[in-house]
Amino acid sequence: MRVFHAAAGLVIVLALTGCQRTSFGGFGSQDVSAAPAPLQAQPVPSVSSGQLPDPTTSTSQFPSAPTGTPAAGAPGGTQVAAATSALDVTKESMVGNWRVSSAGSSCDMFLTLTNLGSGSRGGTRGCAGELTAMGSWEVAGKQVVLKDRSGNPIARLYKTADARFDGSTNGGQPVSLSR
């Protein structure tokens with residue numbers, strides 16, 4: 001019992017000693033004598049006035065809107081359709097081992113929740129093409145974005161079934177993930 005009382009007393013003394021230190025200029029104390037000097041006013045250049053052009057009449061400063069449909073194999077054509085019919089996806093449901101089918105071959109992909117840059121750490125084993133550079137991934141809405149080790153997107157996938165994701169690489173190569 002004596003040891004307990006001695007330890008409790010020591011803790012109280014140390015706590016009070018810590019409180020006294022901050023009041024004598026330690027962390028958290030404020031020294032009013034070192035306040036910065038006020039800033040001096042600076043001259044301001046003259047302000048010009050004029051009428052801005054009407055944005056609805058002159059569009060020469062803007063590029064023309066794209067027309068037509070994307071070329072076959074271009075990323076975006078099939079992805080727009082996939083995005084509208086995609087199922088909801090959560091980051092937690094993506095974690096683990098996936099079987100990847102791409103370019104007529106299959107390989108393995110591992111996804112974790114460990115942070116890496118703007119995404120989470122991931123990697124492939126035995127893959128060919130753009131997927132060999134995969135280093136991270138993230139969920140953006142209903143889309144799963146696979147990224148290279150520099151954080152640049154290399155593929156975009158959408159959930160099409162309970163344990164299946166389909167999409168394409170930036171080069172237009174189809175990619176499927178399944179468990």
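Attention here is on the structure that accompanies the text. Note that the coordinates shown come from a computational prediction; the quantities given were computed from them, not determined experimentally.

## So, the overall build of the chain
(1) Moving on: In terms of helices and strands, the chain carries three helices and eight strands.
(2) Moving on: Along the chain direction, N to C, the helices and strands of the chain fall in the order α-α-α-β-β-β-β-β-β-β-β.
(3) Moving on: Considering the chain as a whole, with its 179 residues, one finds that 21% of them fall into the buried category.
(4) Moving on: Surface summary for the chain: the accessible area is close to 12700 Å², and the carbon and sulfur share equals 59%.

## Examining the pattern of salt bridges
(1) Moving on: With the rule as written, the count across this model stands at five salt bridges.
(2) Moving on: One salt bridge connects Asp88 with Lys142, and the closest N-O pair in it is separated by 3.8 Å. With Asp88 in the loop between helix H2 (77-85) and helix H3 (91-94) and Lys142 in the loop between strand E4 (134-140) and strand E5 (143-148), this residue pair connects regions lying 54 residues apart in the sequence.
(3) Moving on: The shortest N-O distance in the salt bridge between Lys147 and Glu138 comes to 2.9 Å.
(4) Moving on: Glu138 gets classed as partly exposed once you look at its relative accessible area, which sits at 23%.
(5) Moving on: Through salt bridges with shared partners, a single ionic network connects Arg99, Asp108 and Arg125.

## Some details on the sheet that holds strand E7 (residues 164-169)
(1) Moving on: Here eight strands make up a closed barrel; going around it, the order is E1-E2-E3-E4-E5-E6-E7-E8 and the pairing antiparallel. Within the sheet, the average angular offset between the axes of one strand and its neighbour, ignoring direction, is 30°.
(2) Moving on: One ladder, built from seven bridges, connects strand E1 (residues 96-102) with strand E2 (residues 105-116); its direction is antiparallel. Paired with Asn97 across the bridge in E2 is Phe110.

## Digging into the nonpolar core
(1) Moving on: Ranked by size, the top nonpolar core spans 19 residues in total, and within it Met94, Met109, Val144, Leu146, Phe165 and Leu177 carry the most contacts.
(2) Moving on: Of all the elements in the fold, those that place two or more residues in this core are E1, E2, E4, E5, strand E6 (153-161) and strand E8 (174-178).
(3) Moving on: Every residue in contact with Leu146, bar those within four places of it in the chain, is listed here: Met109, Leu131, Met134, Ser136, Trp137, Asn152, Pro153, Ile154, Ala155 and Leu157.

Cut-offs used in this document
- Per chain, residues are indexed from 1 in the order of the written sequence.
- Totals for whole chains, interfaces and linings use all residues, but because this is a predicted model, local features are given only for residues with pLDDT of at least 70 and pairs of side-chain atoms are given and counted only at 80 or more.
- Each side-chain value is worked out from all heavy atoms of the structure, with water and hydrogens disregarded.
- Under the DSSP-based scheme used, a helix requires at least four consecutive residues in state H or I and a strand at least two consecutive residues in state E, with every element numbered from the N terminus.
- Accessibility here uses a 1.4 Å probe with only protein chains present; expressed as a share of the type maximum, an area under 20% marks a residue as buried, one over 50% as exposed, and anything in between as partly exposed.
- All accessible areas in this document rest on Shrake-Rupley with a 1.4 Å probe, and a residue is counted as covered only by the protein chains that are shown.
- Just to be clear on terms, a salt bridge is a Lys or Arg side-chain nitrogen sitting within 4 Å of an Asp or Glu carboxyl oxygen.
- The pairing criterion is simple: DSSP has to find at least two bridges between the two strands.
- Each axis is a line fitted through C-alpha atoms, taken for helices only over the stretch in contact, and angles between the N-to-C directions span 0 to 180 degrees.
- Residues belong to one nonpolar core when they are buried, are Ala, Val, Leu, Ile, Met, Phe, Trp, Tyr or Cys, and are joined through side-chain atoms within 4.5 Å.
- What makes two residues a contact is simply this: any of their non-hydrogen atoms within 4.5 Å.

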